[in-house]
Structure formats: C-alpha cells, structure tokens
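Here is what each chain is made of, one letter per residue.
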Amino acid sequence: MSDVAPEETRPEGQALIIANHTPVTGQRRRPSGEPPPLPRELNTTAAAWLIGFAGWACVWALVFLFDGPEVWITERDLEWMGPIVDNRQSWLTPSMQKVSEIGTFWATPVVGWVTIIGGLAARRIRHVVLLIVALSLVAFISTVISVQIGRPRPLGVSIIGAWEGFAQPSRPVALFAASVVSAGLTLAPFGRWRRSWFFASAALVAMFGFAQLYVAVDHPTDVLAAATVGVAVTLLVYRLWAPESVFPITYRGGKTAHLDIAGARGAAIRNGLESQLGITATDVQLIGVESSAGSTPLSIATADGSRVFAKLYSRSHLRSDRSYKLFRTLRYGRLEDEQRFSSVRRLIQHEDYMLHVMRRAGIDCMEPMGIVEITPDHEYLLVAEFIQGGREIGEVRVTTSLIDAGLTTVAQMWGAGLAHRDIKPANIMVQGDRLRLIDVAFGEVRPSPWRQAVDLANMMLVLALGSSPELVYERALQHFSEQEIAEAFAASRGVTLPSALRASVKKDGRALLECFRELAPERPMVSIQRWSVRRIGLTLWVTVVTIALLAVFVGSLNDIGLT
Amino acid sequence: MRILWTTWRQRCAQLAVSVFLLALTGGCSVSSSLSAPTCENGQSTLIVAQSVPSAELVPCLTELPRGWTVQTVEITQQGTTIRMDSDRAGTVAAVLWFKESCDTSDAVSLPSDLDGAELFEYIVRITPSFRAQRYYVFPGGCVWWDFDFNADNSAALSIDLGNSLVLVSRDALNENIRDSFIDEEL
C-alpha cells in the first residue's frame, strides 16, 4: 500500500505528507530549538551595553564584598584625574563649572520634557511612558548602588562643583545619559537621524563627564559606570517594550499601526509562508493601508502567478484592540459585550475562526488559508484568499442586485447569530456581481440584539451611499420587517457608525440616517448607554489609577531628574 | 530548550513594573535613601565632612533615643541636613544642620558639652510647644539643632536627642582614611 496520498485526492493547496510525517513541499514542522522566522533578539549594540552593565555589576559586587578592589580602583581613579585637577586653567574653570552645573541641574529636565512634549505631540504615549520608566529605573539603580557602595567624593582634591550624596555611580551623568538615549529612541527616526543624535549625545555625555572630573565631584569610574547604567537600562527598556520593528519612529504621516515589512521581517514573512503553508512568495506589498488601522494588510504575489491576501498582527495591534475595547466599554457599558484578547495568537485565531464560521453560514467572505507564526506570541500572519479584481463598494455603482446581496448577507448573519460589527465601505468588496465581506476581526457569535440591528443600519447606509435610501429601504422590506428596520435606525446614531462610514455619510451630504428613520415606522430610540456594576467599577478603577499614577509621577519629578 | 520563555518575560515585566512603581514612590530619592552619619560607620561621615570642607569638626550621631527616627538626610556641597521624626514630638520635630557658618546673634552663650565647640542657644518659646535652636560653633563650621515640638512635649526630649550628637575632628577622620583606605585626606 502506498504511503503517499494520490495526487488527485489531495485537496488543493495542501502539502503532500508521507507516512513518516516529512512534508515533501515547503511545509514542515519547526523542530524544538530551531528559531522562529523572526526571533526576538536584542541587537548587537544593546547587547554590548548590557554586557558592560553586567561587568559593572561584578565590580560593585567585588567592592561591596572586599576592601582591596575599592582601594585599588580609587588609587587608579585619583591617578587618572590627578593631571586634570592639577592643571586646572583659570580661563577654563568657569566654563567647566558651568557645564557641570548645567549637566547636573538643567540637562536632564530640558531633554526629558522636550522628549515628553514631542512624544505626546507625535502621539507616542508608549515611548513617553518608557522614558519615565527608564529614568525611574536608572534613578533607582543609581541610588541603591551608591548607598550600598558608599563611596565618598574624590579625596585629596579641591571639589569646585555641585554634588549630592555618594559618588559611585554618578547620578546626574546616569540620568542625563538615559534622557538623551530616550530622546533619540522616542523622537529620532531610525537611520541617519538617530545615528547623528547618538553621536551628538555621546559627545555631550563625554563633555559633561569630563566637566565632572574637572570640578572633581566624580571619579572617572563614577562617570563611566553611570553612563553604562543610563544607556544600558534605557536601551533594554525600549528594546523590550517598544522595539523599532514594531513601533517605528516615522514622520511620514499615515497610520502608525502598520509594521515595516522590509528587511528581516520581509524575509521572515517569505520564510514563514514557505515553511508553514507551502506558499512561495515572490513579492510582498502593503495594501489598503489607508482604511486599516487594526493590522498590517498585505498583498502577496506567489510563484505560481496568483496572489494571496494576508494580515500581519503584532502585539501593538493587540494593545490597540485592548485600548479600543476598554474605551468602548467605558463609553457604552455592556452593550458591546467586549472581552479583550489575552494574546496575539488568540486575536488571530479569532479572526480565522470567524472567517470559517461566516463561510459555514453561507456568507460570502474570504477563504482562510492558514496562520503563519512570525515571532511566537508576538507576530502572526493570517493568510486568506485574495479577492482578484475586487473593488471597494464605494468605488462602484450600487445596483439592485448588489443591494439585495448586501441585505442578504445581513439576513444570513442574523440567521446564524453573527455580527460583523465593522460594516463600512472599505470592508465590502465587489467582485464581478458578487458582494464579499472582508475584515471579520470584530465579528462576534451570538452578539447583543442591538449590535445586530446596528449591522443592518450600517449596511443600509453603505448601500444608500451608492444608490438612494428609498431604493435600499424598498429592497430591505424583501428581507426584513418594517419593525426590524425601524429598530435598526432607532439603535443607530453617529457614534455607532465606524468612523470611515461616518465620514462617508458626512461627505455624501444627504441626511441618510434621518431619511431612513422617516421611511421606517416611528419607534422610540434605543438607548446605547448601558450601566452595570462592571462599567461603574471599571470607570472608577481607571480614574483612580490614572490620578494615582499622575500624582505619584508629579511627586517624583525631582527624584527622576525632571525638575 | 526554552519552554518557559513567556513566563520569564512576564516575570521580568512584573519585576520592572514593581521597581518602576517603587522608584516612583520614593525609592529613587537620594535624601530618603541616605543614612544618617553614625559614629560607628564612616561611610556617611566622610561625605558629611566633604560637605563642609572648611570645618575642623564633623558631626556624627550615636544611637538615637527611643522614639526618634531619621526621616531624610541631605548631603550636598552646601552642607548637611538631617530631619528627624519623633513618636511624641511629631513629624520633623528636630532638624540637624551642618554648615560653614550660622547666625547666632539672637542666641545666648552657654557652657559647651562638646569639646572644641562653643554652645549658643536661642529659645523661641517653651509653651504651648517647645521651639528652640542650639548652635555648636567651631573653626570653619557650625552644627545646630532646630527643635519644633508638638504641644505638651517638654524640652527634656531635646536634651535626650542632643546627647546623641558627637563632633569628631577632621584630623581623626584623615588618620582613619590613611590607616584603613588610601594615603589621601578629606
């Protein structure tokens, strides 16, 4: 008996599997220990700084445990700084004192606040929070180490600058280094601008460090250790929670949700498609980015000349989804029945599942082709059929048959107990005479009746944009009762419309919502506010946590060097 | 083979968040982290001496009387300030200052209980609450107590606390550095 499934009985697109589980096409299982397509790693520079930090940690441990190293290091320090202090020049001393003073009292607050304001203006809340986290961690580490080591200021020399507390590591140098690195990672685009900023920052930190030695408030090793702590901790914080590949700094405008698909990620996408789905990609392009904010949509050309559609999801999209749902819950209460996803994997599994459920219910949406793991727990690619020749419904004339198809789609969703929850022109594609629903990420099984009613209203609005409300209403009566249509428009208002649909209705100029309400029987408006213990508790919790964090932040401005 | 990668990452995140909150809530404040210059431990005493380089004597504290605790210690190039709380006299009931000079024009001279220093005292009021300054003046420096007690607390508390102050000579500290550390001086 043959181990190989006959060619004619194997479903299209499925890899050929033989009895010992070794795939004969590109599809294969990733063995334990083999890295994923895009491993999550610190780059060489960050790793070098972390090794430097670890080196200083060893030195501190030796100094803490034994007397000998402290004596040896202090003797070397005084030898190195001796020539600088002994040769102070009257013309240079005031400048060095000024540099030391500016570095100690002004540099970190100025760089820190410029970064905070610039970051907020560019809507980089995450980077701004990480700046505060980095400064707090650096301040904490510097303080703890300095108290444990208890190193005095340089002995046997005249100190002519400002200082506070113990010397090792130099707290102002550490905070200044952390602030300039944070500023670069928050405001400077990757590449030439960031390199230039880091070179300039290195020069500034070096100048400040030299001034600290000149005025003899720090030893050379105090400055070196502080610069290492400041840079290493900040790089680690940003690399872990705002990696450039996921949260790029750009000033090109447009959606910041879209990931860079060039370089390592582009290669990982190709590699993942080949090894996990057996698809050989020849070209990967962004598609429809202007109407997509919850993922990075891709059009992928394959070796056989066809195309597939893919959506790249990362942790940034997961967090956006969580923030969006928290906002919706605070604003509307339980109506939305929002539950957040715990991981990117769950998020993408949900969309894949919704595609299958919708198709099982007979709804004409894209055929799912599988999920590709790019970085475990961080990035996944949902691959689906590419709607060849498809155009957004807003770009075509809406005929009676398209209106019927759209209304049938909603009726099918109602019948199967489903809701799409994001019906807008960009999510309804017309392919020939077919009306196809895309982007089912917000889809829900057994949604609230309100949500289903809003789906109908939104679909009717979309269809009316390309035709007339009277025609759409007339056709809708073939699928829904007058009461159901009245309920749909009683449940709808500006905020229940996806923002893109709201913009289209506004641009259209016709008062479509009011028009449909006049056509339908009169019905009291459905309240879109639902109060529950959960909503009240959540609102209180968010308010208290926000106020507490702000209060603590304001109270600790001085401790983290921002005043 | 790494199978606990996510768990470790979560632990790292939890640790970072804890340290961040601890740091924000005062853990990274220098003044709340420094310990008072005790006469047994020379670490803080050395930078206290460096805070007033002209002073021939340097303050340190022996064991504080029962009920007194150090709240904050600020040691800078401008001098040293130690704020203390008392379970009876109240929050920041006493502050010990160490500066290059002090104004004793309103104070009266008294026989000093500390060698090498002149004592001056200025009593602002005794009732309903005790408020006074006690100055020790010596070449190149001045150490003084600023007492501000809650109502119904007598001046006797200030005597108890005052007894914990010791003035050590800079020469003795320099000798100690040369003997146990390096051949340099403050």
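Cut-offs and rules
Residues numbered from 1 in each chain as written. Chains lettered and ligands numbered in written order. Predicted model: local features only at pLDDT ≥ 70, side-chain atom pairs only at ≥ 80, totals over all residues. Heavy atoms only, no water. Helix = DSSP H or I, 4+ residues; strand = E, 2+ residues; numbered from the N terminus. Buried < 20%, exposed > 50% of the residue type's maximum accessible area, 1.4 Å probe, protein only. Contact = heavy atoms within 4.5 Å. Areas by Shrake-Rupley, 256 points an atom, 1.4 Å probe, with all protein chains shown as cover. Axes fitted to C-alpha atoms, helices over the stretch in contact; angles between N-to-C directions. Parallel < 35°, antiparallel > 145°, perpendicular 65-115°, else oblique. Left-handed = near helix turned anticlockwise from the far one by under 90°. Nonpolar A, V, L, I, M, F, W, Y, C, P; charged D, E, K, R; others polar. Patch = residues over 30% accessible without salt bridge, like charges linked within 9 Å, V, L, I, M, F, W, Y side chains within 5 Å. Salt bridge = Lys/Arg side-chain N within 4 Å of Asp/Glu carboxyl O. Lys, Arg positive; Asp, Glu negative; His and termini not counted. Charge placed at Lys NZ, Arg CZ, Asp CG, Glu CD. 1 Å grid on protein atoms, 1.4 Å probe; cavity = no way out; pocket = protein on both sides within 12 Å on 5 of 7 lines; lining within 4 Å. Points joined across faces, edges and corners; volume = space filled by probe spheres on them. Arc of directions from axis to C-beta. Core = buried A, V, L, I, M, F, W, Y, C linked by side-chain atoms within 4.5 Å.

A. Focus on the overall build of chain B. Scanning chain B from N- to C-terminus turns up five helices and nine strands. Ordered by position from N to C terminus, the α and β elements of chain B give α-α-α-β-β-β-β-β-β-β-β-α-β-α. Residues counted as buried form 46% of the 186 residues belonging to chain B. Within chain B, contacts between residues at least 6 apart in sequence are counted, and of these 49% link residues at least 24 apart. Per element, the accessible surface of chain B, about 9400 Å² overall, is 51% carbon and sulfur.

B. How the structure looks around the packing of helix α3 (residues 93–121) of chain A against helix α5 (residues 171–187) of chain A. Residues and elements named next belong to chain A. At a minimum axis distance of 9 Å, the contact between α3 and α5 shows a crossing angle of 20°. What the angle tells us is that α3 and α5 run roughly parallel. Note that α3 runs across α5; the crossing there is left-handed. Between α3, through Gly103, Thr104, Ala107, Thr108, Val111, Val114, Thr115, Gly118 and Gly119, and α5, the contact on the second element is made entirely by Pro172, Leu175, Phe176, Ser179, Val180, Ser182, Ala183, Thr186 and Leu187. Among the residues making up the contact of α3 with α5, the classes are represented as nine nonpolar, nine polar and no charged.

C. Summary view of a negative patch on the surface. A contiguous patch of negative charge on the surface is contributed by Glu56(B), Asp171(B), Glu175(B) and Asp179(B). By the secondary structure assignment, Glu175(B) is in helix α5 (residues 170–180).

D. Quick look at the environment of Gln168(A). Residues and elements named next belong to chain A. In this structure, Gln168 sits in the loop between α4 (125–149) and α5. A relative accessible area of 5% means that Gln168 is categorised as buried. In sequence terms Gln168 and Arg151 are 17 residues apart; their C-alpha atoms lie 5.9 Å from each other. Once you skip the residues sitting within four places of it in the chain, Gln168 turns out to touch Trp56, Trp60, Ile145, Ser146, Ile149, Arg151, Thr221, Asp222 and Ala225.

E. Representation of empty space enclosed by the protein. Scanning the model with the defined rule gives four cavities of 30 Å³ or more in all. Of the voids in this model, the largest cavity is the one considered here, and its volume is about 110 Å³. As for the largest cavity, its lining consists of 17 residues, of which Ser146(A), Glu164(A), Phe166(A), Arg171(A) and Val30(B) are closest to the centre. Elements represented by at least two residues in the lining of the largest cavity include exactly α4 and α5 of chain A together with α2 (30–33) of chain B. With four residues, the single largest contributor to the lining of the largest cavity is α4(A). Grouping the amino acids of the lining of the largest cavity by side-chain chemistry returns seven nonpolar, six polar and four charged.

F. Region of interest: helix α16 (residues 512–519) of chain A. Residue and element names in this part refer to chain A. Within the sequence span of α16, burial applies to Leu512, Leu513 and Phe516. All buried residues of α16 lie within an arc of 105° about the axis, which places them on one face of the element. Among the structural elements, α12 (449–465), α13 (469–476), α14 (482–490) and α15 (499–508) are those in contact with the buried residues of α16.

G. Quick look at the nonpolar core. All names here are of chain A. In this structure, Ile269, Leu273, Leu298, Leu381 and Val383 are the most contacted members of the largest nonpolar core, which totals 69 residues. Non-local contacts of Val383, meaning those with residues more than four positions away in its chain, are made with Leu273, Leu277, Ile279, Val308, Phe309, Ala310, Pro368, Met369, Gly370 and Val372. Membership of the second largest hydrophobic core comes to 61 residues, among which are Met358, Val396, Ala457 and Ala490.

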